[in-house]
Amino acid sequence: MSAPLIVLVGPMGVGKSTVGELLAERLGTTYRDTDADVVATAGKPIAEIFYDEGEERFRELESRAVRAAVAEHTGVLSLGGGAVLDEATRTLLAGHAVVYLSMDVDEAVKRVGLNTARPLLAVNPRRQWRELMEARRHLYTDVARAVVATDERTPQEVAQAVLDALELPDAASSGRENSTMTDQGPTRIQIAGSAGTDPYEVVIGRQLLGELPTFIGDRVKRVAVLHPEALAETGEAVRQDLADQGYEAIAIQLPNAEEAKTVEVAAYCWKALGQTGFTRSDVIVGVGGGATTDVAGFVAATWLRGVRWIAVPTTVLAMVDAAVGGKTGINTAEGKNLVGAFHPPAGVLCDLAALDSLPVNDYVSGMAEIIKAGFIADPAILDLVEADPQGARTPAGPHTSELIERAIRVKAEVVSSDLKESGLREILNYGHTLAHAIEKNERYKWRHGAAVSVGMVFAAELGRLAGRLDDATADRHRAVLESVGLPLTYRGDQWPKLLENMKVDKKSRGDLLRFIVLDGLGKPTVLEGPDPAILLAAYGEVSA
């Protein structure tokens, strides 16, 4: 049975036609636009169909055009902005390589706000755009295998991001360096800039220290290398290498793990920066695990109201989660990451060689975030883990680089669309509401990944009990997590404390608890204010 190679969905004016034609050219295939099919069938422009016959008639023609195109076309296909409103169309798209091209409201108004040929944006474009997206955004994400932000990207850059997201070969330039990791060079994943932030690059490979000066730039005078006590030799080696290249480089040693994430440690860093004359044009480099990159980013965000910083993550957890996305923060007695800022790095260097000496429990802890990415967006991750659970527990496994790269791509696409967790980005917190409560209850002595593992099993059971998630997918959580050695349970007598801890979670709104759950594999959604009895029952399923 034939099927389109790529299906593009997204709002009007996002550039589906332009990007679709570029993709077809680069893949050596053909392009088709269902809006054009509707116009050909009706014999008049879409605006005239709306005015003469009404939106209902247009949607009928659009639905027919989509059914025909999906059945007949084998190249790149783009759908009209409102095509996903039709339930039959959404069902039809299941299993296809659908990519949602997104853009924010300011970009939308620039592109389509003054164009009265867009019949649904003819009066107050900014308000009407917001109303349209509130109604449609979840529909786009539900049908999409990948989300690609178009803000401040050229059509060529968007086309490349689509190819990367779907891991399709580029016929026009096979062997492109940023497509897949090869012996010729590292993988490069672009993170789009938004809300006044610059785009940046995540580089994945081995022997990447030589990339650091490129990210730092030649206009920088001073560099501060923040590292944990456990990586004192590594931090000094990075500092010395930068000093040898002409920078005034200092090293600032932090406590290990979560002990570094305090206001006292941040103040110590501020003092060191002040004493060395650190200016707004200088750069901070964070070398270490997720706690180190959290602190480095937070210090960078707060010093002189924001200086550039670069993340050099050395653990699986930091590579696939903490170092990507720009969420920085420290802990307080009241909870984890309650004080922080959104301050994206200028670049991220994921040197896989750093994982070779990582203790097995730390490596396995990071697998929880990779598996999370599989459940919320990329089920191929789960297939790879299930194919070789023992291999997934070690950096020497056959799928290590692919698992890490896939997880980073999931986060990259999400944060490119939603920097400040106003919507889509919340899905990255799958399993984290209970996980953060457990970590606080354990005074941060539990590994983050271990807590997230229990949190995901809880979220799966919550989804199942709420009638949202099927039994097979809920049970798959336990099987996959247990296969790599992650915990599935926590102390049953701690529920009252955990419930209180969850009430100050960042996702909560007032007294309303909010959880990320799944409507199905790769279909995360928000569950607000669940019945306390269901919460207790779900916790009973993870109680030891």
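Residues numbered from 1 in each chain as written. Predicted model: local features only at pLDDT ≥ 70, side-chain atom pairs only at ≥ 80, totals over all residues. Heavy atoms only, no water.

Q: Give a description of the pattern of salt bridges that names residues and reports values.
A: Under the criterion given, the structure shown has 39 salt bridges. Among the ionic pairs, D471 bridges to R464, the shortest N-O distance being 3.1 Å. Owing to a relative accessible area of 47%, D471 belongs among the partly exposed residues under this scheme. Note on R464: relative accessible area 22%, which makes it partly exposed. Bridged by salt links that share partners, the residues K44, D52, E53, R57, E60 and R64 form one connected network. (Salt bridge = Lys/Arg side-chain N within 4 Å of Asp/Glu carboxyl O. Buried < 20%, exposed > 50% of the residue type's maximum accessible area, 1.4 Å probe, protein only.)

Q: Just give me the short version of unusual backbone geometry, but keep the residues and values in it.
A: For R305, which is not glycine, the phi torsion reads 60 degrees and is therefore positive. Examined against the element boundaries, R305 turns out to sit in the loop between α12 (290-302) and β11 (308-313). If you check the backbone angles, R443 has positive phi at about 55 degrees while not being a glycine. For R443, the position within the fold is in the loop between α18 (432-441) and α19 (448-465). Looking at R443, the relative accessible area reads 70%, which means it is exposed. (Helix = DSSP H or I, 4+ residues; strand = E, 2+ residues; numbered from the N terminus.)

Q: So what's going on with the environment of E236? Residues and values would help.
A: As for its position among the elements, E236 is in helix α10 (residues 232-244). Assessed through its relative accessible area of 34%, E236 is described here as partly exposed. In sequence terms E236 and L226 are 10 residues apart; their C-alpha atoms lie 9.8 Å from each other.

Q: Lay out the sheet that holds strand β9 (residues 248-254) in plain terms, naming residues and giving numbers.
A: Pairing is mixed across the open sheet formed by 7 strands, whose spatial order is β6-β7-β14-β11-β10-β8-β9. Unpaired on one side and paired on the other, β6 (187-191) and β9 mark the two borders of the sheet. Neighbouring strand axes in the sheet, compared pairwise and without regard to direction, differ in orientation by 15 degrees on average. Note that strand β7 (residues 200-205) and strand β14 (residues 347-351) share 4 bridges and pair parallel. Its bridge partner lying in β14, I204 is registered against C350. In the packing of α10 onto the sheet, contacts are made with β8 (222-228), β9 and β10 (283-288), and the angle to β8 comes to roughly 170 degrees. On top of the sheet, α12 reaches β8, β9, β10 and β11; it is set at about 170 degrees to β10, its chief contact. (Pairing = 2+ DSSP bridges. Axes fitted to C-alpha atoms, helices over the stretch in contact; angles between N-to-C directions. Contact = heavy atoms within 4.5 Å.)

Q: Account for a nonpolar patch on the surface, naming residues and giving values.
A: Taken together, the side chains of L338, V339 and V504 define a hydrophobic patch exposed on the protein surface, amounting to about 200 Å² of accessible area. Tracing the chain through its elements places V339 in strand β13 (residues 335-342). (Patch = residues over 30% accessible without salt bridge, like charges linked within 9 Å, V, L, I, M, F, W, Y side chains within 5 Å. Areas by Shrake-Rupley, 256 points an atom, 1.4 Å probe, with all protein chains shown as cover.)

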